[in-house]
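Remarks on the overall topology
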Amino acid sequence: MRRYLVPHLPAAPLTRCLLAGLGAVLAVGLVGGLSLQVGTPLLMAPFGASCVLLFSVPGSPLSQPMHVVGGHLLSSMVALTLRLALPNEWWAVALAVGLAIALMAAFRVTHPPAGADPIVVFAADPGFSYLLTPVLAGSVSMVLIAVLYHRLTKTPYPMKPA
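My aim in this report is to walk through the structure given alongside it, one point at a time. (Residues numbered from 1 in each chain as written. Predicted model: local features only at pLDDT ≥ 70, side-chain atom pairs only at ≥ 80, totals over all residues. Heavy atoms only, no water.)

On the surface, L19, L22, V25, L26 and L30 cluster together to form a nonpolar patch covering roughly 430 Å² of accessible area. Examined against the element boundaries, L22 turns out to sit in helix 2 (residues 14-38). With a relative accessible area of 42%, L22 lands in the partly exposed category. (Patch = residues over 30% accessible without salt bridge, like charges linked within 9 Å, V, L, I, M, F, W, Y side chains within 5 Å. Areas by Shrake-Rupley, 256 points an atom, 1.4 Å probe, with all protein chains shown as cover. Salt bridge = Lys/Arg side-chain N within 4 Å of Asp/Glu carboxyl O. Helix = DSSP H or I, 4+ residues; strand = E, 2+ residues; numbered from the N terminus. Buried < 20%, exposed > 50% of the residue type's maximum accessible area, 1.4 Å probe, protein only.)

Listed below in structure tokens is the structure:
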């Protein structure tokens, strides 16, 4: 039972924890502010979870730019396509989530927050322009902010290719 109740992450210094939170505040705040300036939404709920990876564990393969942008694009594209072909039912949402996860793994762009994109797509029922805004523009903006933020805080990001 103990293995279920013990944190598996090592303790992090308080400054690192605060910097992760500050990075998320800045990223969501800047992208939200940009949304107002351009007059179109650039934020979607899964970007909050993307911030956890971008700012708290920037060294994770799942946090890398190709995974963030590619994962969100692929998952949203799958969902938009299935939404055209299938009714807005629980089983169609489940199928979209499963297919998005399988394709992210197959294309090597797994980004866990993107697994929520099909749920958002089925709930909101947007058109294909959703791929440009908020998905592409928003995810690229989040990554660019993360790159700049990590340069300022001297945190390596993105990772160097293997």
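Let's pick the thread back up.
One number sums up the size of the largest pocket: a volume of about 190 Å³. In this structure, the largest pocket is lined by L9, P10, A12, R16, C17, A20, V52, S56 and V57. The dominant element in the lining of the largest pocket, judged by the number of residues it contributes, is helix 2, at three residues. Across the lining of the largest pocket, the residue classes break down as seven nonpolar, one polar and one charged. (1 Å grid on protein atoms, 1.4 Å probe; cavity = no way out; pocket = protein on both sides within 12 Å on 5 of 7 lines; lining within 4 Å. Points joined across faces, edges and corners; volume = space filled by probe spheres on them. Nonpolar A, V, L, I, M, F, W, Y, C, P; charged D, E, K, R; others polar.)

Moving on, we get to the pattern of salt bridges. For the coordinates displayed, the defined rule picks out one salt bridge. When the shortest N-O distance is used, the salt bridge between R83 and D125 registers 3.3 Å. Placement of the pair is R83 in helix 4 (residues 65-85) and D125 in the loop between helix 6 (117-124) and helix 7 (132-152), with a sequence separation of 42 residues.

With that settled, the discussion passes to the packing of helix 2 against helix 7. Orientation of helix 2 relative to helix 7, taken along the N-to-C sense of each, is 135°, at an axis distance of 10 Å. In terms of orientation, helix 2 and helix 7 fall into the oblique class. Judged by the sense of rotation from one axis to the other, the crossing of helix 2 with helix 7 is right-handed. Where helix 2 abuts helix 7, its residues L19, L22, G23, L26, A27, V28, L30, V31 and L34 lie against S141, M142, I145 and Y149. Across the contact of helix 2 with helix 7, the residue classes tally to 11 nonpolar, two polar and no charged. (Axes fitted to C-alpha atoms, helices over the stretch in contact; angles between N-to-C directions. Parallel < 35°, antiparallel > 145°, perpendicular 65-115°, else oblique. Left-handed = near helix turned anticlockwise from the far one by under 90°. Contact = heavy atoms within 4.5 Å.)

Moving on, we get to the environment of V93. Mapped onto the elements, V93 comes out in helix 5 (residues 90-106). According to the relative accessible area criterion, V93 is buried, its value standing at 18%. V93 sits 23 residues away from G70 along the chain, and the two C-alpha atoms are 20 Å apart. Non-local contacts of V93, meaning those with residues more than four positions away in its chain, are made with N88, I119 and F122.

In this section: the nonpolar core. Ranked by internal contacts, the top residues of the largest apolar core, which has 25 residues, are L54, F55 and M142. Taken together, the elements giving at least two residues each to this core come down to helix 2, helix 3 (46-56), helix 4 and helix 7. By residue number, the principal contributor to this core is helix 7, which donates seven residues. Every residue in contact with F55, bar those within four places of it in the chain, is listed here: A20, G23, A24, A27, I145, A146, Y149 and H150. With nine residues, the next largest nonpolar core counts V93, A96, V97 and F122 among its residues. (Core = buried A, V, L, I, M, F, W, Y, C linked by side-chain atoms within 4.5 Å.)

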